[in-house]
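A look at the structure
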Amino acid sequence: MADVINQKYEQFRSTLIDLLTNLLLSAKECSKCEEEQRGILKLIKNMNTPFLFVVVGEVKAGKSSFINALLNQEITKVSPDPCTDHILEIAYAKVETRQKVSDTVERIYYPFDILEKLCIVDTPGTNTIIKGHDEITERYIPQADLIIFVFSAVNPYTQSAWELLDVIKDKWERNIVFVLQQADRASYNEIVVNCKEVKQLAIARNIKEPAVFITSAKDELNGVEKSGFKEFRDFIKATVSGGRHYGAKLESAIKSAMVFTRRIKNKFIEQQLSLNKDIELKKKIQRDILNFKQTHEADINQIVDKIASIYDDLAEDITKEFGDGLNIINIFSKSIGKLYKKELSMEVWIKSLQDVFFNSLTDGINKEISDGLHTFETSLEGLVNGLKTEIDYRIKLQDTGSIDRQCREALQRVSDLLEVTDNLIVDKKITEFSEEILQAGTIAALGAIIMAATHIALIDITGGIITSIGMLFAGSVILFKRKRIINGFIKKLDEAKKDLTGHISGSLENTLGEVYTGVDLLFEEYYNLIDSTEGTLLPIIEKNMITERDLEALLNSVLKEFLNK
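Not measured: the values here are computed from a predicted model.

This next bit is on the overall build of the chain. Of regular secondary structure, the chain possesses 17 helices and eight strands. Of all 565 residues assigned to the chain, the portion counted as buried reaches 50%. Taking contacts inside the chain between residues at least 6 apart in sequence as the whole, the part at least 24 apart equals 79%. Here the chain displays about 28000 Å² of accessible surface, and carbon together with sulfur accounts for 53% of that area.

Given below as structure tokens:
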């Protein structure tokens, strides 16, 4: 029968360790779960240790006397001094030995049959624990298969012991029993009243059907039959015999694992909620930049339309003046004039038309582009300030955890860069654009086109002949070709307009596009961090929920198999 029980225990233990391992992997995905990681590792380790009883209570509550009487052995000579922080571990060995585990922990081995299946930990007073003895709550409570709260039967209302119980119930699901010790010092009425009150206080802390034992270590050591220890020993025997201790150990570990599962799940949910804020901020940033881009795409069209309008007006003027000058008298006089003074020639007249057109158009383009880019820069400043306000607010949120810290650090770098965005991006691009448009590129190309158009017209008009016979011939050419020459001139101007507006539009789009790209690149690290995390959190939460469900099923099987529940 024992072998069957052991086999079943091993099956359940193996399943539990697998679930705990999965839970540990989930906890490692969350930087907020360091405490849970330590607790799960202790649970895994504890699955290979004896049944652990942890005895707690205030100083002078009779803990050590209770243990002495329970083991029928005087061990108070080596138990912790009530005024110290020492912890005493009592375990089984064939030979009595002592071992100093640390500055605060001492282990004693005894050849008592009762210790073969369990280990007892005698702790300092709970008033010492509450004040800072974290080793009790961090090292022993998470591993405890049974916690024995020892109170004085005269006064079981000591604050620190109940505060420790609150901590245990809040952080761990442990099996707990209550002992009203030193019953020989209390009246029957006190025992009845205090026993009832302890049960009510325990029930108020969500302990269902709390077990309360009334004991007197003094009576037990003096051989008094009704010391209460028989009842407590029977409880231990029922707990550690017939496989019930296996069930109790598994039950205790599973309940603790379920607590860790819920805590891990809640922390991941908190992290998901925090990430959702970053996702919303990311969407808003992208939306703001897109709206800004769309607005200024319309502004580009408006700038180009204004330049086209200026061009049309100037083209109309130069076409009229050019057409008016195409008469035989003007051409004859300028052709004759060239024989005497170059500045009176047809070429000089046409060059003057070019210069007026060129300079007026340059001034107009300068003004429209300057005004348009100034509006763009002002709008970009508004965008930057708006983004900084959103970012700085998100940075100030008191979220914690790896992803939150990484997002805030990435945002802080963005905020710092936005402080100098104008200098880094806008001013540089606008300067480059102005130089390219107004100095090196489009206007020079336009001048060449106009010059080509007027030069062709000049050749058509004069045929390159400047003799007197040529002049007379030019008159007939003008009469015959004037309309075609003017139409050709207009056509060349239209071609130049298309080239000009197309080049300005493309250059503006490229320049402002580089600004948009520059702003987007500021957020690249932040976006990538959100994207990489967004795809991992939900699967981890779902996996954690599956582990919680499997732990619940395992607990039900353990209760049914070992504890008949």
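Next comes the rest of the account.
Strand order in the open sheet formed by eight strands is β3-β4-β2-β5-β1-β6-β7-β8, with mixed pairing between adjacent strands. Taken across any chain shown, the strands that pair with only one partner, and hence form the sheet edges, are β3 (97-100) and β8 (211-214). Direction aside, neighbouring strands of the sheet carry axes that sit 20° apart on average. Sheet topology note: the strand β2 (residues 87-92)/strand β5 (residues 118-122) ladder contains three bridges and is antiparallel.

Here we come to the side chain of T362. With respect to the element layout, T362 can be found in helix α12 (residues 346-396). A polar atom in the side chain of T362 sits 2.8 Å from the backbone oxygen of F358.

Throughout the structure, instances matching the rule amount to 18 aromatic pairs. Both rings, one in F523 and one in Y527, keep their centres 5.8 Å apart while their planes meet at 15°; by these two values the pair is stacked. With respect to class, F523 is no different from Y527; both count as buried. An aromatic cluster of at least three residues, connected via ring pairs, comprises F66, F213, F229, F232 and F235.

Within the largest apolar cluster, 120 residues are counted, with the highest numbers of intra-cluster contacts made by F149, F178, F523 and Y526. Counting residues per element, this core draws most heavily on helix α10 (residues 244-325), at 24 residues. With residues near it in sequence (within four places) discarded, F149 still touches V56, A161, L164, L165, I168, I176, V177, F178 and V179.

Taken over all residues, the pLDDT of the chain has a mean of 78, while the share at 70 or more is 78%. Contacts for the low-pLDDT stretch residues 459-472, under 50 throughout, to residues beyond four places or in other chains number 20 contacts.

Most of strand β7 (residues 176-181) is tucked away, with six of its six residues classed as buried. Neither face of β7 is open: one carries I176, F178 and L180, the other V177, V179 and Q181, and all of them are buried. Assessed by its sense of winding, the connection that carries the chain from strand β6 (residues 146-152) through helix α6 (residues 159-171) to β7 is right-handed. For β7 and β8, the ladder comprises four bridges, and the chain directions are parallel.

Attention now moves to the packing of helix α2 (residues 34-46) against α10. Contact geometry for α2 and α10: axes closest at 10 Å, N-to-C directions at 160°. Put simply, α2 runs roughly antiparallel to α10. Here α2 runs over α10; the crossing is left-handed. Counting all contacts with α2, which are made through E35, E36, G39, I40, L43 and N46, the residues of α10 involved are K249, A253, S256, A257, F260, R263, I264 and K267.

Here the focus is the pairing of strand β4 (residues 105-110). The buried count for β4 comes to five of six residues, which makes it a mostly enclosed element. Note: β2 against β4, six bridges, orientation parallel. Each bridged residue has a counterpart across the sheet, and for I90 the counterpart in β4 is I108. Taken together, the four bridges between β3 and β4 define a ladder with antiparallel strand orientation.

So, about a negative patch on the surface. Taken together, the side chains of D313, E316, D317 and E321 make up a negatively charged region of the molecular surface. With respect to the element layout, D317 can be found in helix α10.

Of note, T215 is situated in the loop between β8 and α8 (217-221). Among all residues touching T215, those that are not within four sequence positions of it are F66, V179, L180, Q181, Q182, A183, S227, G228 and F229.

Inspection of the entire model under this criterion finds 20 salt bridges. Its salt-bridge partner being K367, residue D371 comes within 2.9 Å of it at the nearest N-O pair. Of this pair, D371 and K367 both sit in helix α12, four residues apart, which is roughly one turn of the helix. The network of salt bridges with shared partners includes E35, E36, R263 and K267.

Conventions used here
- Residues numbered from 1 in each chain as written.
- Predicted model: local features only at pLDDT ≥ 70, side-chain atom pairs only at ≥ 80, totals over all residues.
- Heavy atoms only, no water.
- Helix = DSSP H or I, 4+ residues; strand = E, 2+ residues; numbered from the N terminus.
- Buried < 20%, exposed > 50% of the residue type's maximum accessible area, 1.4 Å probe, protein only.
- Contact = heavy atoms within 4.5 Å.
- Areas by Shrake-Rupley, 256 points an atom, 1.4 Å probe, with all protein chains shown as cover.
- Pairing = 2+ DSSP bridges.
- Axes fitted to C-alpha atoms, helices over the stretch in contact; angles between N-to-C directions.
- Polar contact = N/O pair within 3.5 Å; in protein donor to acceptor, adjacent residues only side chain to side chain.
- Phe/Tyr/Trp six-rings, centres within 6.5 Å; stacked < 30°, edge-to-face > 60°.
- Core = buried A, V, L, I, M, F, W, Y, C linked by side-chain atoms within 4.5 Å.
- pLDDT = per-residue confidence, 0-100.
- Right-handed = clockwise from strand over helix to strand, strands pointing away.
- Parallel < 35°, antiparallel > 145°, perpendicular 65-115°, else oblique.
- Left-handed = near helix turned anticlockwise from the far one by under 90°.
- Patch = residues over 30% accessible without salt bridge, like charges linked within 9 Å, V, L, I, M, F, W, Y side chains within 5 Å.
- Salt bridge = Lys/Arg side-chain N within 4 Å of Asp/Glu carboxyl O.
- Lys, Arg positive; Asp, Glu negative; His and termini not counted.
- Charge placed at Lys NZ, Arg CZ, Asp CG, Glu CD.

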